[in-house]
Amino acid sequence: MTTVRTDTQTLQYGRRRSNTLQSTLGNPPPAPLRHGDFRVLNTWVHEPKESPKIIFNQSCWPGVAEGDVLRVTALQSEDFSGFLFTVPKDEGCSKPTLQISLPKNAADVFGLKNNTEVTVTKVDREEYSADYVEFTFQDQYLGRNDMWRLGEHLVGQCVFVEQEISFIGVIAARVQNIYVNGNKVSAGYVTSKTKAIYRSLSAKVTIFIQVCRELWEFAGDGERYNEKIIHSFLPALFARWREAGTNHTVTIVLISRVFYDESELGYAAGPLRRDEDGNWYKDFYKVITDLEVIGDWKPTLVHLKDSFWAFQRDILLTHHYHQAFVESTTPDHARLVGRISYAHDGPILEALNLALNPNETHYIDRSLSLTGAATILITPGTGYFRVSKPLLRLTTTRMLDHGFGLDLVCLAKQPLHQSPIFSFRGYDPNTDRNGKNGSRVTDPLWGGDETPSDATRREKVTFWWEPFWIGVTFWDKQMDLPFRRGRFIARAKMHEIQMLGLLEHDVLANIEIPFLPEICDPTSTPPRELLMENRVLTAAEADQADMEVFASKEAPRPLHSNRMSYASSSSGTVVAHRSSTIGERRILASQRGSISSSRIAPILESPRRILMDLPREGNDGPLPLLPGRSTSPSQSSLRSVATTTPETTSSRLAKFATSWLYNPFRSTNEPQTPRVKDLSSSCGQVTPTPSIGIPRTATVPMAPSASISRSPQPMAILHSASGGSTMSHTYDDGSPTLHHGSFTRHSPLNTPPRDDTSFGKRRRATLTSLNVPLSGSFPSTSSRANPSRPQSAVSYAQSSLASRWQHVFPKPVYKHEVKWASMLTPACLPLTVEHFPSNAELESSYDVFSYDFVVDPTEMRSFMVKAPNVTGTVDRVRRAWALVVMRGMVAVRLAQGFQFVIRPRNAAASDGSAKTTRHCKSFLGEEDATPKPGGAAEVLLSTEDPVYLSMSNEIHRLSYTGEAIQVRRYVRRMPPSQPINYECLIWPKLGVGYTELQTKFVSHGLENYGWNRLDMLVAGYEHQFNESLRHWRTRFVIIPSADPPQMNTGPSGEKLDEEEIRLMGIDKLAEMFTKARWQFPDERGQQMTVVRFLPTTLGPVHSVLDESLMAQLDEIHAAGPLKKKMKSERELADMSLIAIAKAMREEDGWHRMNFPDSFTGFDFVSWLAVEWGSKLLDQGLFVHCTGRHGFLDGHYFYQLNGEFATVSTPRGWFNKPRLSSNEDSFTGRGYNLSNQSKPSGISPKRNRRQLILTQSMIVDADLTKKSDQAESVVLHHDIIHNPGTVFHFELQWIGSTARCIDDMLRQWGRTIDKYGLKLVEAYVTEISDIRERNPFQSCFPIRLSLPLPVVPDLERRVPEGTQITHYLEYALLKRFGFIIDIESTNMYPRDVDVVYSYRRAPFKYSQFVHRSGVAFVQVLRGSQGFLFLTNRLMGGGRMGTALKSRDSRPAVTAERIRMRLQEFCGDKAALSKFY
């Protein structure tokens, strides 16, 4: 759209320049608008192509200033969330009649039509500033560095829901939700403090289904649990995936553990293991789908159902018989051995670690179309698991490092205890006397490691530990729910009693359950004497209490808007008590330990409101709270008169238990003296918030607090007994108000960050709760967690670790809710975290390492950062360089999973006064008090402030000192984590039985990562990627496709055959490589060296024995691509044709045909110019060897003609003399070279000749030149190319935008596609090693049913130069459309050391790839046949598939090829005929 400056504007500017009295008195400038001013305008709607932004004619509303935030709403709308936009710079409007015009996509979202009237209002940007913006994206790999830059790009813009965001022309995301003060809104203003949540629609999802005894039991509604999975949960999940338009790559695995008696061990051979109790077991895993993108799930569900039916038979009966058969000790009869475990004994952590193994190397074979990973575990259990302590510790560390959570789906009803919960056996942690392991040493999971000496004789005890990295969903959907509303269903199941016949039911008399033993823990239970006298209840009173608890009464709905109901927490006792005996008894019952329910009203099957009459007017005074539990300020000042909007029934009820992972967080370090705080100022509206408690400190005295909420008179079921704090909770229409205190769940993740001012704040001198070591600040070892009596204190170790996920939850999520968001679109680890350890903790628990390097722009030649475009003083240039290098250093740290440490929301930036609170001088110096940024977008706006980045056990501080960049690393002292060896049995997707797997679970932390080297690389003092840097890498192959090329003529109109067209395509690729080459700023404008490939018709092995080819290779390495002196025209013009011919003679060959006195067009053009070539051809100096072409620049052979050819061959211009003659060549293992070659082997003393067959260069992936950073990628490519086999290249990068790389690859792929070449992503390592990286993926073995015949004199029967080792296997694969990808190392001659810069390890077996790219095959030795692997790197939307139609599924094609190959290899007659 062209913008024309209007006359009024010109006058206005003219007027401003004139300084006469008349012009000043003319039209005074209009007064600026105030908030709330509005005007009715006529709106148009335009196509986003015309302008993606709103077009606003500022002359139609005088007073509007640049930067004002305006809201557009429909005329009659009462809605306050209209379309927002900031007023741009006034550049006039080309259409005078236009007042305001919205892009069509925005108009559709807000229901605004063309040519209608709208209200435009000036609003306060503070009110509309978004706290969180949630983005979804698909079919792209969005790195964490890209997320950071995208967030920065949006600062100062207004966004709306469903808006498509484009960044640097390549990254695309869509706005899913916007949160302001905890409420979802339709539009918002992005500030530098706005936190972005990124959710992926294309992730790697692993679904584990636990097969245990309960799976075949009946649930309360008469459905079996296995039916619930197949008919209820999975169809619901898949339907929602389809609805959301996801494109996940899914793996489904059945997991099970089988226990064996001592008597069965002989028969049940295999990888037997023992648990801590000495029981023998084996773990079984059956893969149902393997990394598949599936559109139609019905066949998968059918397969799953069949697997459930056959599962017990397979693992208890068939497997052992099959195992014995394989070991050729066939037993007389099959025996049924072993018994499947219960849910709580299942291999949960083992399965999780197997799934984490491939993620350890997520940077290898990096998919450019998938981001993120999700793991879903479906269990018929209740979320309680018995685990081993070392494995739980290792798993927690790995989950933190990877930044993933686990979604646990329990099919059972929510139990009457904490869930999820792990129990493990260990020693009571000792206090850390010398402080060497820091604050975590008192946590039962991280401490208690010492093996007890004989003197102490400590015994192992059981600990209960609630994992913060699990989000739990209770899926108890009932198929017949509408008919049984309100029916009582027991929560505790007794399967054996349920299964008794009617006549055997003499258990119906009475079942008495004793109370739990009393635990005198003053921090968790009010003293009993305060509650009531100790007397036995009468039967009548007990019945009366039961009636009150279990009767389902529908009470009339009060008409008040601020009604009372009850909130809950899974472990908060909600007591509203007047002195009635029932109320007292309820408290006693609650305190004495009936099992805590995590939702109120456990008897109801569906969330139901509990409505009560309002209390009489006189009862609104403060209620005394019983002393006991400390309360948080916001809770003690809670008022129940807040008016909230009614919420939906699903969020209403008292199942509001908060979940570990899914709640926002709470400070663990507030002073616990109640102070009144006005909640409405920070929140705007009272929102549902889960409860939390604060780890108690020994130094702060506890005061009884008063709750100001009015309590309902009648007592309804308040039975969440955990001996809890007696707080009143209120929520309107079922939504709990903001009470942060009440009872903690073990969860640190408990209150919304938005109104928590002190999470992560510097510990003040007044509060010593976290100065380590101070026993008062941690849960004391005597009060071990009890899943039925949750404690009031959150372990600081856990709250600090869980804070890693703090900024994924804009609103609290409750335990009773189904966590669809994380199962449909997994969230990426947030970029920011607020937790930062105190000075005392840094000193006692961390080791410090530091290094720095000077910023010297003259010496820094970095390809990883864009050189800043600045001039001026030396200091200014140096500062600019420091800024870009620090941004590069931050980018590579974000890529490895670090997060920015930011200031907690509402905490003011600390100024000088903050420093006065610090009384200790530490190695941190005064820097600890420096202001941290308020959001990720505020990081590194200048070099003034240091940057803090944190990972679970490591903190980095980057700062600029004026000359150097300083890096300080704080590494937490941790006991070394030992790798855990594991053995199990896995049935792969295409397998026919269980195969053994041995693996290791190791935490690859970043404590020993080469940060110094990486920073040098970013700064430009180093220029090589090192294997230890964990750089991203992907290998690609270019395959001659099965379809003929789309073109058949050369550039000059000559007819060319397929091979010649493909050679042209490879030359085109070399041209694109040259064009993409990265140049340093001082090299720009210089002539670039041209990338050149050497064509040959020989295979990978024979080419290294071709002396002429090797001579050319040496030339390329020595001189760079053919920098030869060209003969001048005059010199040539003066020479006779005979003299020219004499200078040109040499011999060369193609397809085993030797052309004497020949040369190639490429060599000639490198030596001469095309016109001269055509001229000399016309004069008859030479002709095309086969007479088919005129003179062409390329790999076309020409021969000296008639009289110019001669027998003697002097030294030619084109090639150096051969390095060695035929006499030096030899017969390698299984090679037939030439008739003159010596049959004898070589002497072992001879030095091995090293041949480097690849070249590397740096390419610039930023094709459009729009990126704000250097998009450099290291490219390794082959030099020698045979048009009949595969050409390879590999890309390596750290921190570059993956979408730029993807676009570059797509462009390359499209260009060479018409030359009959296909670009396909391939595995970096050989396929036979795939299980080492991903245990659930494995090759399918294809055996030859007929052994290979021994062919005498094979060398003499096949053409010269043919591969004779594996001759028949190669021929068989060629018949099925496979071509050689990589030869195994033992195929090469012994005296040649072949080096490919992108291969890290030699290949044990020769590897072939199918011409479609969908499958790989390796040739095994002897008659073992082949290993077949589907190319899972060719998924939906990935390279190779996207070039053709999206519908063709590579996995289906690969399966067809596999079945044909397997059928052929299994058919003896066909094989015999083929041999």
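Conventions and cut-offs
- Residues numbered from 1 in each chain as written.
- Predicted model: local features only at pLDDT ≥ 70, side-chain atom pairs only at ≥ 80, totals over all residues.
- Heavy atoms only, no water.
- Helix = DSSP H or I, 4+ residues; strand = E, 2+ residues; numbered from the N terminus.
- Buried < 20%, exposed > 50% of the residue type's maximum accessible area, 1.4 Å probe, protein only.
- Contact = heavy atoms within 4.5 Å.
- Pairing = 2+ DSSP bridges.
- Salt bridge = Lys/Arg side-chain N within 4 Å of Asp/Glu carboxyl O.
- Phe/Tyr/Trp six-rings, centres within 6.5 Å; stacked < 30°, edge-to-face > 60°.
- Patch = residues over 30% accessible without salt bridge, like charges linked within 9 Å, V, L, I, M, F, W, Y side chains within 5 Å.
- Areas by Shrake-Rupley, 256 points an atom, 1.4 Å probe, with all protein chains shown as cover.
- Axes fitted to C-alpha atoms, helices over the stretch in contact; angles between N-to-C directions.
- Polar contact = N/O pair within 3.5 Å; in protein donor to acceptor, adjacent residues only side chain to side chain.
- Parallel < 35°, antiparallel > 145°, perpendicular 65-115°, else oblique.
- Left-handed = near helix turned anticlockwise from the far one by under 90°.
- Nonpolar A, V, L, I, M, F, W, Y, C, P; charged D, E, K, R; others polar.
- Core = buried A, V, L, I, M, F, W, Y, C linked by side-chain atoms within 4.5 Å.
- pLDDT = per-residue confidence, 0-100.

A. Structural view of the overall build of the protein chain. When its secondary structure is counted, the protein chain shows 33 helices and 55 strands. Out of the 1475 residues in the protein chain, the part that is buried amounts to 58%. When contacts within the protein chain are restricted to residue pairs at least 6 apart in sequence, those whose partners lie at least 24 apart make up 80%.

B. Spotlight on the sheet that holds strand E4 (residues 83-86). Pairing is mixed in the open sheet, where 6 strands are placed in the order E2-E5-E1-E6-E3-E4. The sheet is open, and its two edges are formed by strand E2 (55-56) and E4, each paired on a single side. In this structure, strand E1 (residues 38-46) lies alongside strand E5 (residues 100-103), joined through 4 bridges in parallel fashion. Bridged to Trp 44 within E5 is Ser 101.

C. Fine view of the pattern of salt bridges. Following the criterion strictly, the structure yields 40 salt bridges and no others. A salt bridge links Arg 1033 to Glu 1027; its shortest N-O distance comes to 2.9 Å. Overall, Glu 1027 belongs to the partly exposed group, its relative accessible area being 42%. Ionic pairing is found between Arg 1458 and Glu 1455, a salt bridge with its closest N-O pair at 2.7 Å. Separated by 3 residues within a single helix, Arg 1458 and Glu 1455 lie in helix H32 (residues 1450-1466), roughly one turn from each other. Here Arg 1458 falls in the buried class, since its relative accessible area comes to 7%. Because the salt bridges share partners, they merge into one network encompassing Asp 146, Arg 149, Asp 1268 and Glu 1271.

D. Representation of the pairing of E1. Two elements, E1 and strand E6 (residues 116-123), share 6 bridges in a ladder whose sense is antiparallel. In the sheet register, Asn 42 faces E6, and the bridge partner there is Glu 117.

E. Geometry of the packing of aromatic side chains. Summed over the entire model, instances satisfying the criterion amount to 43 aromatic pairs. Ring plane angle 65° and centroid distance 5.6 Å describe the contact between Phe 56 and Phe 85, whose orientation is recorded as edge-to-face. You can see Phe 56 sitting in strand E2 and its partner Phe 85 sitting in strand E4, a full 29 residues away along the chain. Given a relative accessible area of 8%, Phe 56 falls into the buried group. The interplanar angle of 40° and the centroid separation of 5.5 Å between the aromatic rings of Phe 238 and Trp 241 together place this pair among those described as tilted. Placement of both Phe 238 and Trp 241 in helix H5 (residues 225-244) is noted, with a separation of 3 residues, approximately one turn of the helix. As far as burial versus exposure is concerned, Phe 238 and Trp 241 are alike and both buried. Within the aromatic cluster, the residues linked to one another by ring pairs are Phe 1036, Phe 1073, Phe 1093, Phe 1287, Phe 1289 and Trp 1308.

F. The arrangement of unusual backbone geometry in detail. Following Ser 419, the chain continues to Pro 420 via a peptide bond in cis, the omega torsion being 0°. Along the polypeptide, Pro 420 turns up in the loop between strand E21 (406-410) and strand E22 (421-426). Notably, Asp 139 is not glycine yet its phi reads approximately 55°, a positive angle. Structurally, Asp 139 can be placed in the loop between strand E7 (132-137) and helix H4 (144-154). For Asp 139, a relative accessible area of 19% puts it in the buried group. Even without glycine at this site, His 1366 takes up a positive phi of about 55°. Relative to the helices and strands, His 1366 resides in the loop between helix H30 (1354-1357) and helix H31 (1367-1375). On the basis of relative accessible area, His 1366 is assigned to the buried category, the value being 18%.

G. Just a nonpolar patch on the surface, in detail. Judged by side-chain polarity, Phe 38, Val 40 and Leu 75 come together as a nonpolar surface patch covering roughly 260 Å² of accessible area. Within the secondary structure, Leu 75 is located in the loop between strand E3 (69-74) and E4. Of the residues examined, Leu 75 reaches a relative accessible area of 31% and is grouped as partly exposed.

H. A look at the sheet that holds strand E32 (residues 947-951). Judged by pairing direction, the sheet is mixed, and its 6 strands sit side by side in the order E29-E31-E32-E33-E34-E30 without closing on themselves. The open sheet has two edge strands with one neighbour each: strand E29 (832-833) and strand E30 (846-854). Along the sheet face, helix H20 (residues 1011-1019) touches E30, strand E33 (954-960) and strand E34 (964-972) and points at about 25° away from the line of E30.

I. Geometry of the side chain of His 1288. With respect to the element layout, His 1288 can be found in strand E48 (residues 1287-1293). Residue classification places His 1288 among the buried residues on the basis of a relative accessible area of 4%. Engagement of the side chain of His 1288 in a polar contact is seen with the side chain of Asp 1278, the distance being 2.7 Å. Of the polar contacts made by the side chain of His 1288, one reaches the side chain of Asp 1381; its length is 2.8 Å. In this structure, His 1288 is in contact with Arg 1035, Phe 1036, Val 1037, His 1276, His 1277, Asp 1278, Asp 1381, Ile 1382, Tyr 1398 and Arg 1399, ignoring residues within four places of it in sequence.

J. Layout of the packing of helix H18 (residues 874-895) against H20. At their nearest, the axes of H18 and H20 sit 9 Å apart, and the two run at 135° to each other. One finds that H18 runs oblique with respect to H20. Every pair of crossing elements has a handedness; the one defined by H18 and H20 is right-handed. Contacts between H18 and H20 involve Val 885, Gly 888, Met 889, Val 892 and Arg 893 from the former and Trp 1011, Leu 1014, Asp 1015, Val 1018 and Ala 1019 from the latter. In terms of residue class, the contact of H18 with H20 is made up of 7 nonpolar, 1 polar and 2 charged.

K. Focus on the nonpolar core. Grouped together as the largest cluster of nonpolar side chains are 114 residues, with contacts concentrated most on Phe 900, Phe 1073, Phe 1289 and Leu 1291. With 10 residues, H18 is the largest single contributor of residues to this core. Discounting residues that sit within four places of it in the chain, Phe 1073 has contacts with Val 1091, Phe 1093, Met 1257, Val 1259, Leu 1275, His 1277, Phe 1287, Phe 1289 and Trp 1308. Val 1037, Val 1320, Ile 1330 and Leu 1427 belong to the second-largest nonpolar core, a separate cluster that totals 57 residues.

L. Quick look at H4. Within H4, 9 of the 11 residues are buried, which leaves it mostly tucked inside the rest of the structure. Where H4 is concerned, the buried positions are Arg 144, Asn 145, Asp 146, Met 147, Trp 148, Arg 149, Leu 150, Glu 152 and Leu 154. Gly 156 lies just past H4 and shows a positive phi near 85°.

M. Representation of the packing of H4 against H18 in the model. Close contact between H4 and H18 brings their axes to 7 Å; oriented N to C, the two are set at 125°. As far as their axial angle goes, H18 and H4 are oblique. The segment H4 lies against H18, with Arg 144, Asn 145, Trp 148, Arg 149 and Glu 152 engaging Arg 887, Val 890, Ala 891 and Leu 894. Of the residues contributing to the contact of H4 with H18, the split by class is 4 nonpolar, 1 polar and 4 charged.

N. Up close: the environment of Leu 1275. Structurally, the position occupied by Leu 1275 is in strand E46 (residues 1272-1278). Take Leu 1275: its relative accessible area is 0%, and that puts it in the buried class. Along the backbone, Leu 1275 and Met 1257 are 18 residues apart, and their C-alpha atoms lie at a distance of 5.4 Å. Sequence-distant contacts of Leu 1275, defined by excluding residues within four places in its chain, comprise Phe 1073, Gln 1255, Ser 1256, Met 1257, Val 1259, Phe 1289, Glu 1290 and Leu 1291.

O. Main features of the environment of Ser 200. Structurally, Ser 200 is set in strand E13 (residues 195-200). Ser 200 gets classed as buried once you look at its relative accessible area, which sits at 1%. In sequence terms Ser 200 and Cys 828 are 628 residues apart; their C-alpha atoms lie 7.4 Å from each other. When neighbours within four sequence positions are excluded, Ser 200 is seen to be in contact with Phe 137, His 248, Thr 371, Leu 824, Thr 825 and Pro 826. In this structure the side chain of Ser 200 is engaged in a polar contact, spanning 3.0 Å, whose partner is the backbone oxygen of Ser 202.

P. Region of the structure containing the environment of His 153. Looking at where His 153 falls in the secondary structure, it is placed in helix H4. Separated by 784 residues in sequence, His 153 and Ala 937 have C-alpha atoms that sit 8.5 Å apart. Residues contacting His 153, with those up to four places away along its chain left out, are Ser 166 and Phe 167.

Q. Main features of the side chain of Gln 140. Position of Gln 140 among the secondary structure elements: in the loop between E7 and H4. Discounting chain neighbours no more than four positions away, the residues touching Gln 140 are Ile 171, Ala 172, Leu 368, Ser 369, Leu 370, Thr 371 and Arg 1299.

R. Spotlight on the confidence of the model for the protein chain. Averaged over the protein chain, the pLDDT score is 74; the fraction of residues at 70 or greater is 66%. Across residues 1121-1130, confidence stays below pLDDT 50; counting only partners more than four residues off in sequence or on other chains, it has 21 contacts.

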